[in-house]
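Coordinate inspection notes
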Number of protein chains: 2
Amino acid sequence: MKEEPPLGEHYLIELWDCDFSKLDNLSDIQKTMTQAALVAGGTIVDEKFHQFAPQGVSGVVVIAESHLSIHTWPELGYAAMDLFTCKLDMDIDSCIQLIQKHLCPGNIEIKRILRGMPRKRPMQLSGLNKVSA
Amino acid sequence: MKEEPPLGEHYLIELWDCDFSKLDNLSDIQKTMTQAALVAGGTIVDEKFHQFAPQGVSGVVVIAESHLSIHTWPELGYAAMDLFTCKLDMDIDSCIQLIQKHLCPGNIEIKRILRGMPRKRPMQLSGLNKVSA
């Protein structure tokens, strides 16, 4: 019997050893994130990006298939990026390649978390069921 | 020697067995999510919520400390909520309690993922380093 697919896939992407200037440039990051959404095959619904002081950018691209987000720590060369999609055949590789090309991380780590597993429902609620990963 | 803290904490929250009507009500969900951000101790920077047809709501609250997001599948009684924070002493319990009070899930599961671990940097990039969880 074929197992039912999850409702969503959530990619948690750790980008290290990026240049300060790349991680502190709101317009470039916004352009990169919207392009990343499009090359993945997403349909952009809306987007919000913010420049923080003294440095750092946060941004979210809401897509019909869920969202992409990024938070940057230019002073540490680090950015946390997320891609959450309910469309399971998005072109994740092209999306990641585009991010690599534009943000040029020296290191990248990607976790794939399945969201909404129909055949693996959590147990009945009795207080909070916290699971650390 | 004390271990350095992560740069962020990311809570992935699976809400099951919610009422269709609660998960398809944009204004109530938006109110709940903004309240959740505030009780957690977040500073709201911006927010974006969308109603999808024939059903479903997606929304993001950008906070100075990172973001909260939600995507709902009313027809399945499921919602995927996220809270990503770079402030490590946010009141997560109050945030979750508020979500439970308003969305009344029959089941809830929470994963806590550490983001930006300074002492656990990924290995040098040689192709993509995909880690499934």
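Overview of the relation of the copies chain B and chain A
- Placing chain B over chain A gives an RMSD of 0.0 Å and needs a rotation angle of 180 degrees, together with 0.0 Å of translation along the axis. Classification of the inter-copy transformation places it as that of a two-fold axis.
- Interface residue correspondence from chain B to chain A reaches 100%, placing this contact among same-surface, isologous pairings.

Quick look at the pairing of strand β4 (residues 66–73) of chain B
All names here are of chain B.
- Among the eight residues that make up β4, eight are buried, leaving the element largely enclosed by the rest of the structure.
- Examined bridge by bridge, strand β3 (residues 57–63) and β4 share six bridges and lie antiparallel to one another. By the bridge assignment, V62 is partnered in β4 with H67.
- Remark: two residues form the turn of the hairpin made by β3 and β4, two consecutive strands paired antiparallel.
- As defined by bridge partners, β4 adjoins strand β5 (residues 78–85) across eight bridges and the pair is classed as antiparallel. Its bridge partner being in β5, S66 is matched across the sheet by T85.
- In textbook terms, the turn of a hairpin is the stretch between consecutive antiparallel strands, and for β4 and β5 this stretch comprises four residues, one of which, G77, has a positive phi near 70 degrees.

Focus: unusual backbone geometry
- Here the amide bond leading from A53 of chain A into P54 of chain A is cis, since omega sits at 5 degrees, within 30 degrees of zero.
- Of note, D17 of chain A is a non-glycine position whose phi angle comes to about 60 degrees, a positive value.
- Take D17 of chain A: it is sitting in the loop between β1 (8–16) and α1 (20–23).
- Assessed through its relative accessible area of 33%, D17 of chain A is described here as partly exposed.
- Positioned with a positive phi, C104 of chain B is a non-glycine residue whose angle comes to about 50 degrees.
- As for its placement among the helices and strands, C104 of chain B is situated in the loop between α3 (92–103) and β6 (107–115).
- The exposure class of C104 of chain B is partly exposed, given its relative accessible area of 40%.

Here's the deal with the packing of helix α2 (residues 26–39) of chain B against α3 of chain B
Residues and elements named next belong to chain B.
- One way to put it is that α2 packs onto α3 with a least axis distance of 8 Å and a crossing angle of 160 degrees. Relative to α3, α2 is oriented roughly antiparallel. As for the relative orientation of α2 and α3, their crossing is right-handed in sense. From α2, I29, T32, M33, Q35, A36 and V39 reach across to α3, where they touch S94, C95, L98, I99, H102 and L103.
- For the contact of α2 with α3, the class distribution of residues is eight nonpolar, four polar and no charged.

Thoughts on the packing of aromatic side chains
- Enumeration over the complete set of coordinates arrives at four aromatic pairs over all chains.
- Between W16 of chain A and Y78 of chain A, the ring centres sit 4.5 Å apart and the planes meet at 40 degrees, which makes this aromatic pair tilted. Taken together, the positions of W16 of chain A in strand β1 and Y78 of chain A in strand β5 (residues 78–85) put the pair 62 residues apart, joining distant regions of the chain. Y78 of chain A shares its class with W16 of chain A; the two are buried.
- Relative to Y78 of chain B, the ring of W73 of chain B lies with its centre 5.3 Å away and its plane at 50 degrees, an arrangement referred to as tilted.
- For W73 of chain B, a relative accessible area of 11% puts it in the buried group.
- Assessed through its relative accessible area of 0%, Y78 of chain B is described here as buried.
- Following the ring pairs from residue to residue traces out a cluster consisting of W16, W73 and Y78 of chain A.

A few points about the confidence of the model for chain A
All names here are of chain A.
- On average, residues of chain A score 90 in pLDDT, and 87% of them reach the 70 mark or higher.
- In this model residues 120–133 is a low-confidence stretch, pLDDT under 50, and it forms 33 contacts with partners more than four residues away in sequence or in other chains.
- Predicted complex metrics record ipTM = 0.86 and pTM = 0.88.

Definitions and limits used
Residues numbered from 1 in each chain as written. Chains lettered and ligands numbered in written order. Predicted model: local features only at pLDDT ≥ 70, side-chain atom pairs only at ≥ 80, totals over all residues. Heavy atoms only, no water. Least-squares fit on C-alpha atoms with pLDDT ≥ 70 in both. Contact = heavy atoms within 4.5 Å. Buried < 20%, exposed > 50% of the residue type's maximum accessible area, 1.4 Å probe, protein only. Helix = DSSP H or I, 4+ residues; strand = E, 2+ residues; numbered from the N terminus. Pairing = 2+ DSSP bridges. Axes fitted to C-alpha atoms, helices over the stretch in contact; angles between N-to-C directions. Parallel < 35°, antiparallel > 145°, perpendicular 65-115°, else oblique. Left-handed = near helix turned anticlockwise from the far one by under 90°. Nonpolar A, V, L, I, M, F, W, Y, C, P; charged D, E, K, R; others polar. Phe/Tyr/Trp six-rings, centres within 6.5 Å; stacked < 30°, edge-to-face > 60°. pLDDT = per-residue confidence, 0-100.

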